[in-house]
Amino acid sequence: MLVETAGVPGAFARLPPWARAVVAALSFHRADPEPLHLLSGREWDRALAFAARARLALLLAHLRGPDLPARIRDRIERDRARNAQRLGKLRSALIEIVSRLEAAQVDYVLLKGFAHGGDFNPAPDVRMHYDIDLYCPGSGLHIARDRILQLGYEPLPGLENFPTDHLPVMVRRSGWQWKGDLFDPEIPPSVDLHFRLWDEETECFGAPGLAGFWERRVWRDVGGRRVVTFCDADLLGYASLHLLRHLLRGSASPLHVYEIAHFLHVRRGDDAWWSRWKQLHAPELRGLEAIAFELARRWFGCLLPAEAQRETEALPAAIRRWTDLYAAAPLETQFRPNKSEIWLHLCLVDSAKGKRAVLRRRLAPLRLPAPVDSPFTPTPRVRRMLRYGLHVLRRFGHHVRVLPGLAMEAAAWFLGRGTAPRRFLLFLIAANTFGFGVFVFVLLYNLLLLDLGFREDFLGAVNGAMLAGNTAGALLMPPVARRFGLKKALVLGSALTPAVFALRAAAASPEFILAGAVAGGLALSLWMTSLSPSVASLTDERRRPAGFSLWIGTGIATGIAGGFLGSRLPGWISSAGLAQTGAGAKTAAILCGCAISLLSLVPLSRLALSGGGATESRLYPSGRFVARYLAAFAVWSLAVGAFNPFFNAYFARRFGAGLEQIGGIYSAAQGVQALGIAAAPLLLARTGLPRGTAMLQVAAALALASLAAAPVLSAAAAIYAWFMTFQVMCEPGMFSLLMNRVKPEERAGASALNSLAMFGAQALAAAGAGWAFLHFGFPATLSAAAGLALLSAWLFRRLG
């Protein structure tokens, strides 16, 4: 099939069969492609929809017409006729505009679109483009804009601040509305007036040699009218840069890739032409073009000309590694959203500042998306606002949805150099499988106790007992790690914790509940205190903050799933008739979560983990820094421990929230945390670990104080997400600060001391806060916790 010809077996294996068939059918050198005629009727409809979105449908009919079913062929031919009618109107608009520019003696260049003739496409009427791209550098830009405005075009408002290479899109007012028809002849032409060919500020790297493009302009015939374009070599250069720009921004069009593949195929034997191409383009520019060439080869199996082949072979090893791993990702994103292009972008950026800017823009975009409705169409304002709000929510969901997969990719990409990515991935799988059940337990157990008639003071006693067990476990962990190693400590915690939690869910007497809390805390601490040294053993010092962020980030994604499913499991169990009471349904849901946690033993059994073991000569680190760190961390643990164990009781008691509401709030907060944890390494790298950690703790303190005064459930939910986000953003800085300052053989002991300080302080905080909530209420107790968080921030700042 196609990908075998391209030399990357299985690269498109994750595409649906109808999408693979479409791409394979357009390959230039196919080796046993997936036959189109084997697709079923429903698969053909899906294939056609995919081809239309990819702007390949008309190419498919032109090149593989006999392979298409009659109804599909007839449908595409009708679409081709309508597209030709639409292109005719677009060509007329182009001629009208360039005539006006030439009359005003404005120099211009037609980019893309009609400038791409037979070298880029097998037929002129199969290209699906919708705008007129004109390049007018210097003073001619505003003259050209004024002349186009005189023709009745108007700029779309709301696009002024988006990182583009052109002025806001200009269209004529009309009553046309988008109805999902890509071939609609009534789609109004739009004009993009470019003022540059490459946005170095946004992309964070340059494209040398573009100034010469302007000097090599030529005249071409477009529908009987001569217009100015770039020469052939520069047309290919700009097409490659245009594809690269969209690739790095996650919007690469398969049509753009096909056009470059077609150009390479048509020109593959013209050695003289390629020699001139090499003379005209600087080595750095040829390197950028080579990325587009390699993508075209891998997607559509075109044979590369010798000169182009040499350029692709000369690509840096990191870029070739990206093409080996993620060449198919821009196609897969239509079915499984991803942001795999980020790793390519980082390969192309030299400066650390530029890399941080790329990560900040792609992982935590702060700019709202562009409007979805044209202001020139008669859409009611309320409907337009509603559609835009839904669009914003979808985009937010997209950014959150890709984070778990992105975290796994980041582990393989960054940690694969110097540590085994497979080991880190196994660790993440084990940690998050175990964590899912724990999240379900944490969400439901306090609510189960409330259903059984217990009050906040008993909840505080239970959480304090569990944290006392955590403290005892933290004391036991270093000898266990020293005697058996980190892996066996993880396995022991992974096996014992779900078993004890299951017994706790079935207990009803106060004595048994308290005893189970101590045992559960003891078992859980064996797992928890092994995690930080496990991450440290799988990473080096430079990548350690990223490793901790990946671990915490995937944990957040698991928390989203745990909160969402955990809040709904009791309802599903009751609906199935498996439980007669709310308490019984919650118990059954907790048991399901415990069973899932036990599955973490499977990846753990395959994990080779160094660290711990009898060769360690020292258990605990010591010194002034460690003492000061532990004091600051204990105060921080007092602050967060006064609220975290009671978050579900807070919403249930103070606002009367139901289980699914609490689960939704919890999952939403986890989603916001995912964006925060992605930004944490960037902030910490800029500010330094002590200062950055202190800043985040101050923000968390303000959120705690705001929770004390929250008037309604919606406000409290938003503030809770704020608090949890800044709380979790602190963790990479705190963990890295400690692990960077102790010796490798002291990490297990350092983790134990860290856990001892955390669990001991949180045990006191939980017991005291439970009593305080009952006697003084939530506002006063949370205000006191906010004061402790501010004190912790001051202590951490002094560590610098």
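The residue count restarts for each chain, going from 1 along the sequence in the order it is written. Side-chain atom pairs in this predicted model are given and counted only at pLDDT of 80 or more, local residue features only at pLDDT of at least 70, and totals for whole chains, interfaces and linings cover all residues. Processing note: side-chain calculations cover all non-hydrogen atoms of the structure and skip hydrogens and water entirely.

**Quick notes on the overall build of the protein**
Then step 1. Helix and strand definitions follow DSSP, with helices as H or I runs of at least four residues and strands as E runs of at least two, each counted in order from the N terminus. Looking only at helices and strands, the protein features 33 helices and 7 strands.
Then step 2. A buried classification covers 56% of the 800 residues belonging to the protein.
Then step 3. A sequence separation of at least 24 residues applies to 79% of the contacts in the protein between residues at least 6 apart.
Then step 4. Each accessible area is a Shrake-Rupley result for a 1.4 Å probe, and residues are judged covered by the shown protein chains and nothing else. Summing over all exposed atoms, the protein offers an accessible surface of approximately 31700 Å²; the carbon and sulfur share of this is 59%. The buried label applies to any residue whose accessible area, calculated with a 1.4 Å probe on protein chains only, is under 20% of its type's maximum; exposed applies above 50%, and partly exposed to all values in between. We call two residues contacting when some pair of their heavy atoms lies within 4.5 Å.

**As for the side chain of serine 240**
Then step 1. Here serine 240 shows up in helix α9 (residues 232-248).
Then step 2. Here serine 240 is in contact with Ile260, Glu289, Ala292 and Phe293, once residues within four sequence places are set aside.

**Description of the packing of aromatic side chains**
Then step 1. Put simply, two rings from Phe, Tyr or Trp (the six-membered ring, in Trp's case) pair if the centres are within 6.5 Å, and we call them stacked under 30 degrees between planes, edge-to-face over 60, tilted for the rest. This model, assessed by the stated rule, comprises 37 aromatic pairs.
Then step 2. Note on tryptophan 274 and phenylalanine 293: the rings are 6.1 Å apart at their centroids and 90° apart in plane angle, and the pair reads as edge-to-face. Pair noted here: tryptophan 274 is in helix α11 (residues 271-280) and phenylalanine 293 is in helix α12 (residues 283-300), with a separation of 19 residues, a long-range link. Take tryptophan 274 and phenylalanine 293: they sit in the same class, and that class is buried.
Then step 3. Ring geometry for tryptophan 277 against phenylalanine 293: centres 5.9 Å apart, planes inclined by 45°, an arrangement best described as tilted. Taken as a pair, tryptophan 277 in helix α11 and phenylalanine 293 in helix α12 lie far apart in primary sequence, 16 residues in all.
Then step 4. Three or more aromatic residues link up through ring pairs in this structure, and these residues are Phe439, Phe643, Phe646, Phe647, Tyr650, Phe651, Phe655, Tyr666, Tyr720, Phe723, Phe773 and Phe778.
Then step 5. Two conditions define a charge located above a ring, namely a distance within 6 Å from the ring centre to NZ of Lys or CZ of Arg, and an angle within 35 degrees of the ring normal. Here the guanidinium or amino end of arginine 217 rests over the ring plane of tryptophan 214, the centre of that ring lying 3.9 Å away.
Then step 6. For the cation-ring pair, arginine 504 lies above tyrosine 445, with the distance from its terminal atom to the ring centre recorded as 4.7 Å.

**Quick word on the confidence of the model for the protein**
Interpreting fine coordinate detail is not advised for predicted regions of low pLDDT.
Then step 1. The quantity known as pLDDT measures the predictor's confidence residue by residue, on a range of 0 to 100. In this model, the protein carries an average pLDDT of 83, and 87% of its residues clear a pLDDT of 70 or more.
Then step 2. Contacts for the low-pLDDT stretch residues 1-10, under 50 throughout, to residues beyond four places or in other chains number 27 contacts.

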